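Residues per chain, in single letters:
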Amino acid sequence: MKNSTKILIVFLLLTAPLSLRAQASDQLESGRPNEASFENSLDLNKNHLEHSTQLGLIFATGNTQSLSLSGTSETLWRIKRWQNQWELGAFFNRVSSTTNGGPTGTLAHYIYGNYRLDYFFSRYTTVFGGTGGYTDEIKGTDLALQGFVGLSHYLIRRPKILFQLSGGYNYTYENQIEPDPSRQIHSAFLGYQYQHHLKDYLSLSHGTEFLESFNDYQDFRIHSDTELKVKLNKVLSLALGFRLRFDNLPATGFKKLDTLSDLGLVVSLP
């Protein structure tokens, strides 16, 4: 697929949450929940909207002059029992010069976008489905599309702590970089999400997802995200993130394990 097509897909995914935020602003109740309390943010009789955008930048000098850029965006819009979530992200690594004559330019990039819709049977249990896609040159994938359905349940939902389990079915189509052919993966997945407000200004979040393919028992994947966030004021925060992605059957010439670390500035609304 051409680069222009990829950029268009990502652009449409990126602009959808922003337009919906404008449409939803008049529908929200005037009272703002206390964002430091998970209990207050889930009232199934009211609408709720929140959004955060994070930008990270790392410069390197010496043997290699390089620029690493990361950006993520998360939007949650719940209309009573129906909850919409958008997740978008992009990671680029551009080398401008090296002392050993190595390659320059954009060496690798990872761009993804996901949409998920939950219906709350109760404050603790939801059924969900969604779709998304990604292009991941870091791991040898030119373009991938996926869809998923499942159930989730909060084992712990306290004012300062959340612990949620989820499981279901995932379908992924991957167009891999040559010489590997494209592949269709049917998988069962199981995952958890943990969030903890350690202090009024400090929060920790961690999530892990395990996917086991029905096509080949050796084809399993693990995705894990960890983030520590320090609140500077009502809008701005600093975030330190670590992402781990493991594929037991990677593309030819690529390693099974891939990690991404980034430090970024987060803008959160409301």
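To be clear, the structure that these remarks concern was listed above.
What counts, and where the lines are drawn
- Residues numbered from 1 in each chain as written.
- Predicted model: local features only at pLDDT ≥ 70, side-chain atom pairs only at ≥ 80, totals over all residues.
- Heavy atoms only, no water.
- Helix = DSSP H or I, 4+ residues; strand = E, 2+ residues; numbered from the N terminus.
- Buried < 20%, exposed > 50% of the residue type's maximum accessible area, 1.4 Å probe, protein only.
- Contact = heavy atoms within 4.5 Å.
- Pairing = 2+ DSSP bridges.
- Phe/Tyr/Trp six-rings, centres within 6.5 Å; stacked < 30°, edge-to-face > 60°.
- Salt bridge = Lys/Arg side-chain N within 4 Å of Asp/Glu carboxyl O.
- Core = buried A, V, L, I, M, F, W, Y, C linked by side-chain atoms within 4.5 Å.
- Polar contact = N/O pair within 3.5 Å; in protein donor to acceptor, adjacent residues only side chain to side chain.

Moving on, we get to the environment of Phe-189. Following the sequence through the fold, Phe-189 ends up in strand 8 (residues 183-197). Judged by relative accessible area, which is 7%, Phe-189 ranks as buried. Setting aside its immediate chain neighbours within four residues, Phe-189 contacts Phe-128, Phe-148, Val-149, Ser-166, Gly-167, Gly-168, Tyr-169, Asn-170, Glu-209, Phe-210 and Leu-211.

This part is about the pairing of strand 7 (residues 161-176). Examined bridge by bridge, strand 6 (residues 141-157) and strand 7 share 15 bridges and lie antiparallel to one another. Its bridge partner being in strand 7, Arg-157 is matched across the sheet by Leu-162. Where strand 6 folds back on strand 7, the antiparallel hairpin that results is connected by three residues. In sequence, strand 7 turns back onto strand 8 through a hairpin of six residues.

Attention now goes to the packing of aromatic side chains. In this structure the tally under the stated criterion is ten aromatic pairs. Here the aromatic rings of Trp-86 and Tyr-115 are separated by 5.4 Å at their centres, their planes lie at 45°, and the arrangement is tilted. Pair noted here: Trp-86 is in strand 3 (residues 82-98) and Tyr-115 is in strand 4 (residues 105-120), with a separation of 29 residues, a long-range link. Taking relative accessible area as the criterion, Trp-86 reaches 9% and is therefore assigned buried. Given the relative accessible area of 24%, Tyr-115 is considered partly exposed.

So, about the pattern of salt bridges. Applying the stated criterion to the full structure yields nine salt bridges. Lys-160 is the salt-bridge partner of Asp-200, the closest N and O atoms lying 3.8 Å from each other. Residue Asp-200 is found in the loop between strand 8 and strand 9 (202-213), and its partner Lys-160 is found in the loop between strand 6 and strand 7; the two are separated by 40 residues along the sequence. Owing to a relative accessible area of 34%, Lys-160 belongs among the partly exposed residues under this scheme. For Asp-225, the salt bridge identified is with Arg-243, shortest N-O distance 3.6 Å. In this pair, Asp-225 is assigned in strand 10 (residues 220-231) and Arg-243 in strand 11 (residues 236-247), connecting sequence segments 18 residues apart.

Let us now look at the nonpolar core. In this structure, Phe-91, Tyr-110, Tyr-112, Tyr-134, Ala-144 and Leu-260 together form the largest nonpolar core, which totals six residues. Once you skip the residues sitting within four places of it in the chain, Tyr-110 turns out to touch Gly-89, Ala-90, Phe-91, Tyr-134, Thr-135, Asp-136, Ile-138, Arg-245 and Leu-260. In terms of nonpolar packing, the next biggest core, distinct from the first, is built from five residues, Leu-42, Phe-120, Tyr-154 and Leu-162 among them.

Position of Val-127 relative to the elements: it lies in strand 5 (residues 125-136). Spatially, the C-alpha atom of Val-127 lies 5.9 Å from that of Gly-150, the residues being 23 residues apart in sequence. Not counting the four nearest positions on each side in its chain, Val-127 is found in contact with Leu-117, Asp-118, Tyr-119, Phe-121, Gly-150 and Leu-151.

Before going further, it helps to examine the environment of Gln-146. One can find Gln-146 in strand 6. Residue classification places Gln-146 among the buried residues on the basis of a relative accessible area of 17%. Considered as a pair, Gln-146 and His-186 are 40 residues apart in the sequence and their alpha carbons are 9.9 Å apart. Setting aside its immediate chain neighbours within four residues, Gln-146 contacts Asn-114, Thr-131, Gly-132, Asn-170, Tyr-171 and Thr-172. One polar contact links Gln-146 to Asn-114, side chain to side chain, over a distance of 3.2 Å.

Our next topic: the side chain of Ser-73. Along the chain, the position of Ser-73 falls in strand 2 (residues 64-79). Sequence-distant contacts of Ser-73, that is, excluding residues within four places in its chain, are made with His-51, Ser-52, Thr-53, Trp-86, Glu-87 and Leu-88.

On to unusual backbone geometry, then. Between Glu-178 and the following residue, Pro-179, the backbone shows a cis peptide bond with an omega angle of 15°. Inspection of the secondary structure puts Pro-179 in the loop between strand 7 and strand 8. A positive phi angle, near 55°, is found at Lys-80, a position not held by glycine. Residue position: Lys-80 is located in the loop between strand 2 and strand 3. Its relative accessible area of 45% is what places Lys-80 among the partly exposed residues.

A regular strand places its side chains so that they alternate between the two faces of the sheet. Across eleven bridges, strand 10 lies against strand 11 in antiparallel orientation. Note on strand 11: the bridge partner recorded for Ser-224 is Leu-244. Here strand 10 folds back onto strand 11, and the loop between the two strands holds four residues. Where strand 11 meets strand 12 (residues 257-269), eleven bridges bridge the pair, whose relative direction is antiparallel. In the sheet register, Ser-237 faces strand 12, and the bridge partner there is Val-266.

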